[in-house]
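Descriptive analysis of the structure
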Amino acid sequence: MVRRHELSDAEWAVLSRLLPSWGTAGQPRSDDRLVLNGIVSKPRTGSAWRDVPERCGSWQTLYTRFRRWVLDGTFSRLPRGWAETSRLSPALGRATATS
């Protein structure tokens, strides 16, 4: 069962192909699906980064990954996935404009 404001399996199947597969050296990489759920929940709920549900990871991880994906062009590639997952379109569109 998918929680409110979280990606369904179908949405994740489309969007996961568009995310970068590399990470930085150091700590093990946080799960991309949880992180993307947290990033998407921010504009969907109107919450601050510090108020995103902890089940998605620490707010610092979410913000850092969000900024990295904005700067490296990941979010500019996601509209291909939005066409296939129309429910995400408004939330992710707002996410790219939010910092």
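Between its first and last C-alpha atoms helix H3 (residues 59-71) spans 18 Å; for 13 residues at 1.5 Å apiece the expected length is 18 Å, and the two agree. All of the buried residues along H3 are Leu62, Arg65, Phe66 and Trp69. Relative to the axis of H3, the buried residues are bounded by an arc of 105° and lie together on one face.

This next bit is on helix H2 (residues 32-45). For H2, built from 14 residues, the straight-helix expectation of 20 Å at 1.5 Å per residue is met to within 8% by its first-to-last C-alpha distance of 20 Å. Three or more residues of H2 are buried, namely Asp32, Arg33, Val35, Leu36, Asn37, Gly38, Ile39, Val40, Ser41, Lys42, Pro43 and Arg44.

The subject of this paragraph is the confidence of the model for the chain. Taken over all residues, the pLDDT of the chain has a mean of 77, while the share at 70 or more is 70%. When pLDDT is averaged over each element of the chain, H3 comes out on top at 92 and helix H6 (residues 89-97) at the bottom at 49.

Time to look at the packing of aromatic side chains. Applying the stated criterion across every chain, the model contains four aromatic pairs. An angle of 45° between the planes, with centres 5.3 Å apart, marks the rings of Trp49 and Phe66 as tilted. Taken together, the positions of Trp49 in the loop between H2 and H3 and Phe66 in helix H3 put the pair 17 residues apart, joining distant regions of the chain. In terms of burial, Trp49 and Phe66 fall into one category: buried. Ring-pair connections join several aromatic residues into one group, and the members of that group are Trp49, Tyr63, Phe66, Trp69 and Phe75.

This next bit is on the nonpolar core. When a protein is soluble and globular, its nonpolar side chains tend to lie buried together. Residues Leu36, Ile39 and Trp69 are the most contacted members of the largest nonpolar core, which totals 17 residues. Breaking this core down by element, the ones donating at least two residues are helix H1 (9-15), H2 and H3. No other element matches H2, which puts four residues into this core. If we skip the residues at most four places from it in the chain, Trp69 touches Leu19, Pro20, Arg29, Asp32, Val35, Leu36, Ile39, Thr74 and Phe75.

Turning our eyes to something else, we now look at the pattern of salt bridges. Per the stated rule, a full pass over the model turns up two salt bridges. With a closest N to O distance of 2.8 Å, Asp9 and Arg33 form a salt bridge. Placement of the pair is Asp9 in helix H1 and Arg33 in helix H2, with a sequence separation of 24 residues. Of the charged contacts, one joins Arg65 and Asp32 as a salt bridge, the two residues approaching to 2.5 Å between their closest N and O atoms. With Arg65 in helix H3 and Asp32 in helix H2, this residue pair connects regions lying 33 residues apart in the sequence. The burial state of Arg65 is the same as that of Asp32; both residues are buried.

Turning our attention to the environment of Lys42. Residue position: Lys42 is located in helix H2. The spacing of Lys42 and Leu62 is 20 residues in sequence and 9.8 Å in space, taken between C-alpha atoms.

What counts as what
- Residues numbered from 1 in each chain as written.
- Predicted model: local features only at pLDDT ≥ 70, side-chain atom pairs only at ≥ 80, totals over all residues.
- Heavy atoms only, no water.
- Helix = DSSP H or I, 4+ residues; strand = E, 2+ residues; numbered from the N terminus.
- Expected span 1.5 Å × (residues − 1).
- Buried < 20%, exposed > 50% of the residue type's maximum accessible area, 1.4 Å probe, protein only.
- Arc of directions from axis to C-beta.
- pLDDT = per-residue confidence, 0-100.
- Phe/Tyr/Trp six-rings, centres within 6.5 Å; stacked < 30°, edge-to-face > 60°.
- Core = buried A, V, L, I, M, F, W, Y, C linked by side-chain atoms within 4.5 Å.
- Contact = heavy atoms within 4.5 Å.
- Salt bridge = Lys/Arg side-chain N within 4 Å of Asp/Glu carboxyl O.

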